Amino acid sequence: MMPKANLTTQGHPAPLAKCMLIGAAIGLAIISIFVFGVDNPDPEWGTYWRIKPLLLTPAAGAACGFFYHLMDSMHYRAGWNRMLTIGLSLLVCAVGLWIGVVLGLNGTMWD
């Protein structure tokens, strides 16, 4: 009888759809604060000015969720590798959401 290998159980990475939905929900929550906080929009913005930011920012959040999913398998390693991947994931997500907000509000609230 051969001895069994000492296998360690690692956490399972989150499903891709779940990561992307959470990222899109965060993006939607952030942009909703700006978009629905406008009481008197500028007439130059047009009637449907809210559509662009409400589509672009959650899409950027979903892309951030996709990146997090790619990095998720490295989160389970020990030591500085784990801290590096978590920090990189947070940095990329923050920059990605910021770019999504800027692109969404370009031409309206962001001049």
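Refer to the structure above for everything that follows.
Heads up: these notes are all about the structure in this document. Values in this document were obtained by computation on a predicted structure and should not be read as measured data.

Quick look at the overall build of the chain now. Scanning the chain for helices and strands turns up three helices and zero strands. Each helix and strand of the chain, placed in order from N terminus to C terminus, yields the pattern α-α-α. Looking at the chain as a whole, 27% of its 111 residues are labelled buried. Of the accessible surface of the chain, which amounts to about 7,900 Å², a share of 70% is contributed by carbon and sulfur atoms.

So, on to the environment of Ile-22. With respect to the helices and strands, the residue Ile-22 is situated in helix 1 (residues 16-35). Of the residues examined, Ile-22 reaches a relative accessible area of 45% and is grouped as partly exposed. Separated by 43 residues in the primary sequence, Ile-22 and Gly-65 place their C-alpha atoms 6.9 Å from one another.

Another point: the packing of helix 2 (residues 51-72) against helix 3 (residues 80-105). Any two packed helices are characterised by the angle at which their axes cross and by the distance between the axes. Two elements in contact, helix 2 and helix 3, have axes whose closest approach is 8 Å; the angle formed by their N-to-C orientations is 165 degrees. Here helix 2 is positioned roughly antiparallel relative to helix 3, judged by the angle of their axes. Note on packing geometry: the crossing formed by helix 2 with helix 3 is right-handed. Contacts from Lys-52, Pro-53, Leu-56, Thr-57, Ala-60, Gly-61, Cys-64, Phe-67, Tyr-68 and Met-71 in helix 2 reach Thr-85, Leu-88, Ser-89, Val-92, Cys-93, Gly-96, Leu-97, Gly-100, Val-101, Leu-103, Gly-104 and Leu-105 in helix 3. Taken together, the residues of the contact of helix 2 with helix 3 break down into 14 nonpolar, seven polar and one charged.

Attention shifts here to the nonpolar core. Listed in full, the six residues of the largest apolar core are Ile-31, Val-35, Val-38, Trp-49, Val-101 and Leu-105. Those residues in contact with Val-35 that lie beyond four places of it in its chain are Trp-49, Arg-50, Pro-53 and Leu-105.

Before going further, it helps to examine a nonpolar patch on the surface. Taken together, the side chains of Leu-56, Leu-88, Leu-91, Val-95, Trp-98, Ile-99, Leu-103 and Trp-110 present a nonpolar region at the surface, about 740 Å² in accessible area. Among the elements that take part in the nonpolar patch, helix 3 stands out by supplying six residues, more than any other. Secondary-structure assignment places Trp-98 in helix 3.

Tracing the backbone shows Val-38 in the loop between helix 1 and helix 2. Sequence spacing of Val-38 and Met-109 is 71 residues, and the spatial spacing of their C-alpha atoms is 9.3 Å. Residues within four places of Val-38 in sequence aside, it is in contact with Trp-45, Trp-49, Arg-50 and Met-109.

The next point concerns the side chain of Ser-89. Tracing the backbone shows Ser-89 in helix 3. For Ser-89, a relative accessible area of 2% puts it in the buried group. Other than its neighbours up to four places away in sequence, Ser-89 contacts Phe-67, Tyr-68, Met-71 and His-75.

About the criteria used
- Residues numbered from 1 in each chain as written.
- Predicted model: local features only at pLDDT ≥ 70, side-chain atom pairs only at ≥ 80, totals over all residues.
- Heavy atoms only, no water.
- Helix = DSSP H or I, 4+ residues; strand = E, 2+ residues; numbered from the N terminus.
- Buried < 20%, exposed > 50% of the residue type's maximum accessible area, 1.4 Å probe, protein only.
- Areas by Shrake-Rupley, 256 points an atom, 1.4 Å probe, with all protein chains shown as cover.
- Axes fitted to C-alpha atoms, helices over the stretch in contact; angles between N-to-C directions.
- Parallel < 35°, antiparallel > 145°, perpendicular 65-115°, else oblique.
- Left-handed = near helix turned anticlockwise from the far one by under 90°.
- Contact = heavy atoms within 4.5 Å.
- Nonpolar A, V, L, I, M, F, W, Y, C, P; charged D, E, K, R; others polar.
- Core = buried A, V, L, I, M, F, W, Y, C linked by side-chain atoms within 4.5 Å.
- Patch = residues over 30% accessible without salt bridge, like charges linked within 9 Å, V, L, I, M, F, W, Y side chains within 5 Å.
- Salt bridge = Lys/Arg side-chain N within 4 Å of Asp/Glu carboxyl O.

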